[in-house]
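# Remarks on the overall topology
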Amino acid sequence: MFEFVLGMILARLVLAGAFPRIRILPAAVLCVVGYAVALAVPFLYGLNVATIVPVALLICAVARADVEGTPTVLRGRTMRWLGEVSFGFYLAQQIVLSFARTTLMEHRTYATPTGIAVVAAEFAGALALGWLLLVCVERPAMRRWARPRRRDREQEAPAEAPPQRPLTHVS
């Protein structure tokens, strides 16, 4: 819950231009430092305290770059596609991992190249299922039930209202 609320607050700050200007590279370096610190402190502190601030800074730096239109690696077609399938990937990954564990891994060990191939296949399978969820569930649901926000509808409205005919009263 903490990370969810923090994300909402930071998003509002970035959109309002109230978040300090931090570049992506220094924020990424802070993430590496935070990860190193997380390895040195107890697990619960490392997970939240040592990593949340640098990760939040990195997310805000990337978001600010996006708002300002600055070119980044994340603005490419592939990254946008990965962002679109990420929710479906999130939903599918545990199913794929559980299926692979029960069918391929039960009481077996594999050589390193085979293990890497299994992990790559699991990733590809979860990604494919995430894409299927996007195409067959998310997009149809959005077309069916999503409504444009009020601001979007106002922007789509014509700039000038057509002239109105005078009302006539019929008795």
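Everything below is about the structure printed above this text.
We now turn to the structure provided with this report. Bear in mind that the values here come from a model prediction, so they are computed numbers and not experimental data. One numbering rule holds for all chains: residues counted from 1, following each sequence as written. Selection of residues for local features in this predicted model requires a pLDDT of at least 70, selection of side-chain atom pairs for listing and counting requires 80 or more, and totals for whole chains, interfaces and linings are taken over all residues. Think of the side-chain values as coming from all heavy atoms in the structure, minus any hydrogens and water.

## Topic: the nonpolar core
For this analysis, a nonpolar core means a set of buried residues of the types Ala, Val, Leu, Ile, Met, Phe, Trp, Tyr and Cys, connected via side-chain atoms within 4.5 Å. Burial status follows relative accessibility: with a 1.4 Å probe on protein chains alone, a residue under 20% of its type maximum counts as buried, one over 50% as exposed, and anything between as partly exposed. In this structure, L10, V14, F19, A27, A56, L57, C60 and A61 together form the largest nonpolar core, which totals 8 residues. Among the secondary structure elements, those contributing two or more residues to this core are α1 (2-16) and α3 (43-68). Sorting elements by how many residues they give to this core places α3 first, with 4 residues. Whether two residues are in contact is decided by their heavy atoms: any pair within 4.5 Å suffices. If we ignore the near neighbours within four places in the chain, the residues touching L57 are F19, I22, A27 and L30. Helix and strand labels come from DSSP, where a helix needs a run of H or I of at least four residues and a strand needs a run of E of at least two; each type is numbered from the N terminus.

## Here we look at the environment of L132
Looking at the secondary structure, you find L132 in helix α5 (residues 112-145). The class for L132 is partly exposed, based on a relative accessible area of 39%. Remark: the alpha-carbon pair of L132 and F89, spanning 43 residues in sequence, is separated by 9.5 Å.

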